[in-house]
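# Notes for the structure review
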Amino acid sequence: MADTVLFEFLHTEMVAELWAHDPDPGPGVSAGSRGEEVGATTGQKMSLSVLESMGFRVGQALGERLPRETLAFREELDVLKFLCKDLWVAVFQKQMDSLRTNHQGTYVLQDNSFPLLLPMASGLQYLEEAPKFLAFTCGLLRGALCTLGIESVVTASVAALPVCKFQVLIPKS
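In this report, the structure presented in the accompanying data block is examined. (Residues numbered from 1 in each chain as written. Predicted model: local features only at pLDDT ≥ 70, side-chain atom pairs only at ≥ 80, totals over all residues. Heavy atoms only, no water.)

## As for the overall build of the protein chain
Each helix and strand counted, the protein chain has 4 helices and 4 strands in total. Listed by position from the N terminus, the elements making up the protein chain come as α-α-α-β-β-α-β-β. Per-residue burial for the protein chain yields a buried fraction of 38% across its 173 residues. Restricting to contacts in the protein chain with at least 6 residues of sequence separation, those with at least 24 account for 61%. Surface summary for the protein chain: the accessible area is close to 10,300 Å², and the carbon and sulfur share equals 56%. (Helix = DSSP H or I, 4+ residues; strand = E, 2+ residues; numbered from the N terminus. Buried < 20%, exposed > 50% of the residue type's maximum accessible area, 1.4 Å probe, protein only. Contact = heavy atoms within 4.5 Å. Areas by Shrake-Rupley, 256 points an atom, 1.4 Å probe, with all protein chains shown as cover.)

As structure tokens, this is what we get:
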């Protein structure tokens, strides 16, 4: 129980720290409302990238340590099932609620009560803030998949809080 609270506080502080600083728009951006918008957008993209990179590294480490007890995965679907059950339990103390696939390299993982979105699930006013709380987890999934030998693109979407869908796209080579 304490691990969960500590992880949630750490995650919240990482997001808050990355969004707290006024981004430096760099040379060539004029002052004024338009320059501030461009700088803020660039700063937000950079913050999302940093969070996703942090999650990627954590996912790599978990991908190395967790599957020691399991047999070798035969198919992509087995790896995704591992993520939905074992990885999700290790990080969030619960299993993913559903896994869907089109059997062509696209998987949708749905969590109906995503722990990192629960604190702000009281209203729709926080819906636009959700992406910054999902970047770390997208990186976490992508890092674990990479360690298990699967290159992927992971995106997240939220239609209603705290329900979250992660789309994993595995390009065919």
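## Describing the packing of aromatic side chains
Scanning the entire structure with this criterion turns up 7 aromatic pairs. With a centroid separation of 5.3 Å and an interplanar angle of 65°, the aromatic rings of phenylalanine 92 and phenylalanine 114 are classed as edge-to-face. In this pair, phenylalanine 92 sits in helix α3 (residues 76-92) while phenylalanine 114 sits in the loop between β2 (106-111) and α4 (135-147), placing the two residues 22 residues apart along the sequence. An identical accessibility class is assigned to phenylalanine 92 and phenylalanine 114; each is buried. (Phe/Tyr/Trp six-rings, centres within 6.5 Å; stacked < 30°, edge-to-face > 60°.)

## Observations regarding α4
An α-helical turn contains 3.6 residues, so any two residues separated by three or four positions project in the same direction. Taking 1.5 Å per residue, 13 residues should reach 18 Å; α4 reaches 18 Å between its end C-alpha atoms and fits that length. Across the 13 residues that make up α4, a large majority, 10, are buried. Among the residues making up α4, those that are buried are Ala135, Phe136, Thr137, Cys138, Gly139, Leu140, Leu141, Gly143, Ala144 and Leu145. Glycine 149 lies just past α4 and shows a positive phi near 90°. (Expected span 1.5 Å × (residues − 1).)

## Describing unusual backbone geometry
Leaving glycine aside, a negative phi is the common case for residues, and trans is the common case for peptide bonds. The omega torsion across leucine 161 and proline 162 is -5°, close enough to zero to call that bond cis. Assignment of secondary structure puts proline 162 in the loop between β3 (153-157) and β4 (164-169). Of note in the backbone geometry, glutamine 93 takes a positive phi value of approximately 60° without being a glycine. As for its position among the elements, glutamine 93 is in the loop between α3 and β1 (98-101). Here glutamine 93 falls in the partly exposed class, since its relative accessible area comes to 45%. The phi dihedral of histidine 103 falls on the positive side, at around 60°, and the residue is not glycine. Residue histidine 103 is classed as exposed on the basis of its relative accessible area of 65%.

## Brief notes about the state of the cysteines
Tallied over the entire structure, the rule returns 0 disulfides. Free of any disulfide, cysteine 138 has its nearest neighbouring cysteine sulfur in cysteine 164, separated by 7.2 Å. (Disulfide = S-S within 2.5 Å.)

## Some thoughts on the packing of α3 against α4
Following both chains from N to C, one finds α3 and α4 inclined at 125°, their axes separated by 11 Å at the closest point. By the criterion of interaxial angle, the relationship of α3 to α4 is oblique. Note that α3 runs across α4; the crossing there is right-handed. Residues Val79, Leu80, Leu83, Leu87, Trp88, Val91 and Phe92 of α3 lie in contact with α4, whose contacting residues are Thr137, Leu140, Leu141, Ala144 and Leu145. Each residue belonging to the contact of α3 with α4 can be placed in one class, and the counts come to 11 nonpolar, 1 polar and no charged. (Axes fitted to C-alpha atoms, helices over the stretch in contact; angles between N-to-C directions. Parallel < 35°, antiparallel > 145°, perpendicular 65-115°, else oblique. Left-handed = near helix turned anticlockwise from the far one by under 90°. Nonpolar A, V, L, I, M, F, W, Y, C, P; charged D, E, K, R; others polar.)

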